[in-house]
2 protein chains.
Amino acid sequence: MARAALTTDAVVDVALLIIDEKGPAALTLSAVAGRAGVATPSLYKHVRNLAELRSLVSARIMNEIADQVGEAVLGRSADEAIRAVMMAWRHYALRHPHRYSALIQTPEPRTVEAGTRLINILLATFRAYGMADSAAIHAARCLRAAVHGFAVLETEGAFGLPEKLDESYDLLIHMMITGLHAPR
Amino acid sequence: MARAALTTDAVVDVALLIIDEKGPAALTLSAVAGRAGVATPSLYKHVRNLAELRSLVSARIMNEIADQVGEAVLGRSADEAIRAVMMAWRHYALRHPHRYSALIQTPEPRTVEAGTRLINILLATFRAYGMADSAAIHAARCLRAAVHGFAVLETEGAFGLPEKLDESYDLLIHMMITGLHAPR
DNA sequence: GCCATAAAGCTAATGTGATTAGCCGTGTTC
DNA sequence: GAACACGGCTAATCACATTAGCTTTATGGC
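Structural notes, computed from the coordinates. (Residues numbered from 1 in each chain as written. Chains lettered and ligands numbered in written order. Predicted model: local features only at pLDDT ≥ 70, side-chain atom pairs only at ≥ 80, totals over all residues. Heavy atoms only, no water.)

Counting its regular elements, chain A contains eight helices and zero strands. From first element to last, N terminus to C terminus, chain A shows the α and β order α-α-α-α-α-α-α-α. Each of the three principal axes of chain A carries a C-alpha extent, and together these read 60 × 40 × 25 Å. Residues counted as buried form 48% of the 184 residues belonging to chain A. When contacts within chain A are restricted to residue pairs at least 6 apart in sequence, long-range pairs at least 24 apart make up 69% of them. As displayed, chain A has an accessible area near 8,600 Å², and 55% of this comes from carbon and sulfur atoms. A distance of 6 Å separates the average location of the 19 positive side-chain charges in chain A from that of its 19 negative side-chain charges. (Helix = DSSP H or I, 4+ residues; strand = E, 2+ residues; numbered from the N terminus. Buried < 20%, exposed > 50% of the residue type's maximum accessible area, 1.4 Å probe, protein only. Contact = heavy atoms within 4.5 Å. Areas by Shrake-Rupley, 256 points an atom, 1.4 Å probe, with all protein chains shown as cover. Lys, Arg positive; Asp, Glu negative; His and termini not counted. Charge placed at Lys NZ, Arg CZ, Asp CG, Glu CD.)

What follows is the structure, encoded as structure tokens:
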């Protein structure tokens, strides 16, 4: 071994710092190296390239979301659980808007793995409705799409009037819950 | 005047060609210039810079979506209209996945203007339910979030099993429609 | 038909970032 | 105490975006 120094995790930490401050577009290896007090090429000792750093960052973020959502759902079930999931997910996005924009959806192994944790939470929740596996998968996809769509649009500032967004989201939660109960 | 040659619109055409073939990340001024048979700096006679080109491209795409959705909704109302909107929107995304990924959500005037056309179609549709203005806005936001979320996730390949996606989307349509009818 | 002009194109140059190659010091380990 | 592997560094290359300034060519007015 050699000096203690930088680790891959520490590089990701710095990357998140930059993203939080200036958005995903500002994530460059130069910027990370500057923050870490190191020359740019030195980073290649810890990450393969910029693409890998982005993927590590994305996975870390997805894991954070899964953590928060998993925590929120503890001790709740059915409608209460759905509401808790949706609230926690959106709150994460609002607390870290730039991080949310840095999420990669493209099938990228690391993020997919973290995303699977999140999906499993949703599936477990839907089993509380007595749903069959297949039905739970469809329901989970719908919930994911709705929440993610709202979070993306809100964090990117795509909605016009900011003041009533809580109300809109309440409606979305309501629609999801009632939609799940309604017979096909 | 000078030679006929390139126009801003033609540059956007070429940009869309590149996006369709290789995705939004491949959209560089060099690539556009190469395709257009022109030196890179010549493009600056037609677009201010790469950022503006992206914004023009995004606006064009959003307008295409609004066109398709607007067409789909003709002659329909209420539930039928909602279903038609959702189907047309997703179909556009599936026909042009790379274009869908090239959409910019950030408050960017040109895209916002085109997006407003789309929102107005949704609002008009919700009035068919006899909704008040405020309720229609919340409903439109929810519909937009759900459809956009599904389209983003599907076009980026974020969903696992491709074969049942039609079924999942049917469920989403069902959830939206029943959710809209259910009382708060 | 001839010229001024403005549009549209071009070459050259600069700056930023990513990435690679190859060198150097420093702990760790035997 | 010497070999080694790790982590950092400098130098160099490449791809792009962007700017400056020159050249060419329609075209409208004469």
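The rest of the description comes next.
All right, on to the pattern of salt bridges then. Taken as a whole and judged by the stated rule, the model has 21 salt bridges over all chains. Close ionic contact of Arg60(A) with Asp13(A) constitutes a salt bridge, the shortest N to O distance being 2.0 Å. Of the two residues, Arg60(A) sits in helix 3 (residues 50-73) while Asp13(A) sits in helix 1 (residues 8-22), which places them 47 residues apart along the sequence. The class of Arg60(A) is partly exposed, set by a relative accessible area of 24%. Note on Asp13(A): relative accessible area 38%, which makes it partly exposed. Ionic pairing is found between Arg90(B) and Asp166(B), a salt bridge with its closest N-O pair at 3.0 Å. One end of the pair, Arg90(B), is in helix 4 (residues 78-95); the other, Asp166(B), is in helix 8 (residues 165-181), with 76 residues separating them in the sequence. According to the relative accessible area criterion, Asp166(B) is exposed, its value standing at 51%. One salt-bridge network, held together by shared partners, links Arg48(B), Glu52(B), Glu108(B) and Arg110(B). (Salt bridge = Lys/Arg side-chain N within 4 Å of Asp/Glu carboxyl O.)

Residue and element names in this part refer to chain A. Tracing the backbone shows Arg-117 in helix 6 (residues 109-127). For Arg-117, a relative accessible area of 35% translates into the label partly exposed. Separated by 84 residues in sequence, Arg-117 and Ala-33 have C-alpha atoms that sit 31 Å apart. In contact with Arg-117, not counting residues within four places along its chain, are Asn-63, Ala-66 and Asp-67.

Residues and elements named next belong to chain A. The interhelical angle for the contact between helix 1 and helix 3, taken along N-to-C directions, is 80 degrees, at an axis separation of 10 Å. Overall, the two elements helix 1 and helix 3 adopt an arrangement that is roughly perpendicular. In this structure, helix 1 uses Thr-8, Asp-9, Val-11, Val-12, Asp-13, Ala-15, Leu-16 and Ile-19 to contact helix 3, whose residues at the interface are Leu-53, Leu-56, Val-57, Arg-60 and Ile-61. For the contact of helix 1 with helix 3, the per-class residue count stands at nine nonpolar, one polar and three charged. (Axes fitted to C-alpha atoms, helices over the stretch in contact; angles between N-to-C directions. Parallel < 35°, antiparallel > 145°, perpendicular 65-115°, else oblique. Nonpolar A, V, L, I, M, F, W, Y, C, P; charged D, E, K, R; others polar.)

This brings us to the protein's contact with DNA strand C. Among the 20 residues in the neighbourhood of DNA strand C, the closest are listed as Tyr44(A), Ala39(B), Ser42(B), Lys45(B) and His46(B). Restricting the count to atoms of DNA strand C within 4 Å of the protein gives a sugar and phosphate share of 58%. For DNA strand C, a phosphate oxygen lies 2.9 Å from a polar atom in the backbone of Leu29(A). Between a phosphate oxygen of DNA strand C and a main-chain N or O atom of Leu6(B), the distance comes to 3.2 Å. In terms of residue class, the surface near DNA strand C is made up of 11 nonpolar, six polar and three charged. (Near = heavy atom within 4 Å. Polar contact = N/O pair within 3.5 Å; in protein donor to acceptor, adjacent residues only side chain to side chain.)

Our next topic: the packing of aromatic side chains. One pass over the structure, following the stated rule, counts six aromatic pairs over all chains. Considering the side-chain rings of Phe150(B) and Phe159(B), the 5.1 Å spacing of their centres and the 45 degrees angle between planes classify their relative orientation as tilted. Assigned by exposure class, Phe150(B) and Phe159(B) land together as buried. Within the aromatic cluster, the residues linked to one another by ring pairs are Phe150(A), Phe159(A) and Tyr169(A). Note that Arg90(B) overlies the ring of Tyr169(B), its terminal NZ or CZ placed 4.9 Å from the centroid. (Phe/Tyr/Trp six-rings, centres within 6.5 Å; stacked < 30°, edge-to-face > 60°. Lys NZ or Arg CZ within 6 Å of the ring centre and 35° of its normal.)

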